[in-house]
Amino acid sequence: MNNQKRREILTRLRAENPEPTTELNYSTPFELLIAVILSAQATDVGVNKATDKLYPVANTPEAIYALGVDGLKQYIKTIGLFNAKAENVIKTCKILIDQHHSQVPESRQALEALPGVGRKTANVVLNTAFGWPTIAVDTHIFRVSNRTKLAMGKNVDQVEQKLLKVVPAEFKVDVHHWLILHGRYICVARKPRCGACIIEDLCEFKDKTE
């Protein structure tokens, strides 16, 4: 995969979706942070169903902290790993209240210090809430990047570093949204929908489907 082909792939994805964003429902950086914590090993649809009930009741660190772990569980019990996630969210709210004036910090180090927040979650928040050119590599991006040969790597960290290296600056803010959506709806895991793919002729995947 050469850089000219990479640029053409990204140009087409941008033309199809000029202003991509997450499919998680949120209206503030804090709502986004909580939604992303809840989304680990869960679908965006499932998280949205829970937060659509939670956020009208509690959508600030103080309000969610006041629910307590057991109170929060009642809203998120349909999401996988909800017990651990409830504990992490309550601890995160306490840290935001005590250390960050109840605001989501625009700092990778501060974000990654929050319970339930790893590099991927921090990347999503920095990118989507604050417009940083970070690339959060999930299973969809890992698959699409390796399958197309856009940016190959043996693990998510390698793919992230390769994407940061090869993706031109003008595409960096939006590229992770394009690749997630492409992996979620077109370049799906079991049988990619190559016939419906706008970059099929540029993709270097050998076992293309109809």
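Everything in this summary refers to the structure shown in the same document. Just so you know, these numbers come straight off a predicted model, no measurement behind them. Note on numbering: residues in each chain are counted from 1, in written sequence order. Side-chain atom pairs in this predicted model are given and counted only at pLDDT of 80 or more, local residue features only at pLDDT of at least 70, and totals for whole chains, interfaces and linings cover all residues. To get the side-chain values, take all heavy atoms of the structure and skip hydrogens and water.

1. Points about the overall build of the protein
(1) Moving on: We count a stretch as a helix when DSSP gives it H or I for four or more residues in a row; a strand needs E for two or more, and each element gets its number in order from the N terminus. The secondary structure content of the protein amounts to ten helices and zero strands.
(2) Moving on: For the protein, the α and β elements follow one another from N to C terminus as α-α-α-α-α-α-α-α-α-α.
(3) Moving on: In terms of principal-axis extent, the alpha carbons of the protein reach across some 55 × 30 × 30 Å.
(4) Moving on: Summary of the burial criterion: residues with accessible area below 20% of their type's maximum are buried, those above 50% are exposed, and those between are partly exposed, where the area comes from a 1.4 Å probe applied to protein chains only. In the protein, buried positions account for 48% of the 210 residues.
(5) Moving on: Long-range contacts, defined as pairs at least 24 residues apart, comprise 59% of the intrachain contacts of the protein with a sequence gap of at least 6.
(6) Moving on: All accessible-area figures derive from a Shrake-Rupley calculation using a 1.4 Å probe, and residue coverage is judged against the displayed protein chains alone. Of the roughly 10,600 Å² of accessible surface on the protein, a fraction of 51% belongs to carbon and sulfur atoms. Contact definition: two residues touch when any of their heavy atoms are within 4.5 Å.

2. Section: empty space enclosed by the protein
(1) Moving on: Here a cavity denotes a set of grid points, spaced 1 Å apart and computed over the protein atoms alone, in which a 1.4 Å probe fits but from which it cannot get out, and a pocket denotes an open set meeting protein on both sides within 12 Å along at least five of seven lines; residues with an atom within 4 Å of a point are reported as lining. Grid points are joined across faces, edges and corners, and a volume is the space filled by probe spheres set on the points. The tally for this structure, following the rule as stated, stands at one cavity of 30 Å³ or more.
(2) Moving on: As for the largest cavity, its lining consists of 14 residues, of which Cys187, Pro192, Cys194, Cys197 and Cys203 are closest to the centre.
(3) Moving on: Charged means Asp, Glu, Lys or Arg here, nonpolar means Ala, Val, Leu, Ile, Met, Phe, Trp, Tyr, Cys or Pro, and polar covers whatever is left, Gly included. Its residues assigned to classes, the lining of the largest cavity comprises eight nonpolar, two polar and four charged.

3. Section: the layout of surface pockets
(1) Moving on: A volume near 530 Å³ is recorded for the largest pocket.
(2) Moving on: Forming the boundary of the largest pocket are 24 residues, of which Ser39, Asp44, Asp138, Ile180 and Arg184 lie nearest the centre.
(3) Moving on: Per-element tally for the lining of the largest pocket: the top contributor is helix 10 (residues 169–185), with six residues.
(4) Moving on: Class assignment of the residues belonging to the lining of the largest pocket gives a composition of ten nonpolar, nine polar and five charged.
(5) Moving on: Estimated volume of the second largest pocket: approximately 160 Å³.
(6) Moving on: Lining the second largest pocket we find Leu13, Glu16, Asn17, Trp178, Leu181, His182, Tyr185, Ile186, Ala196, Cys197 and Ile198.
(7) Moving on: Elements with a contribution of two residues or more to the lining of the second largest pocket: helix 1 (3–16) and helix 10.

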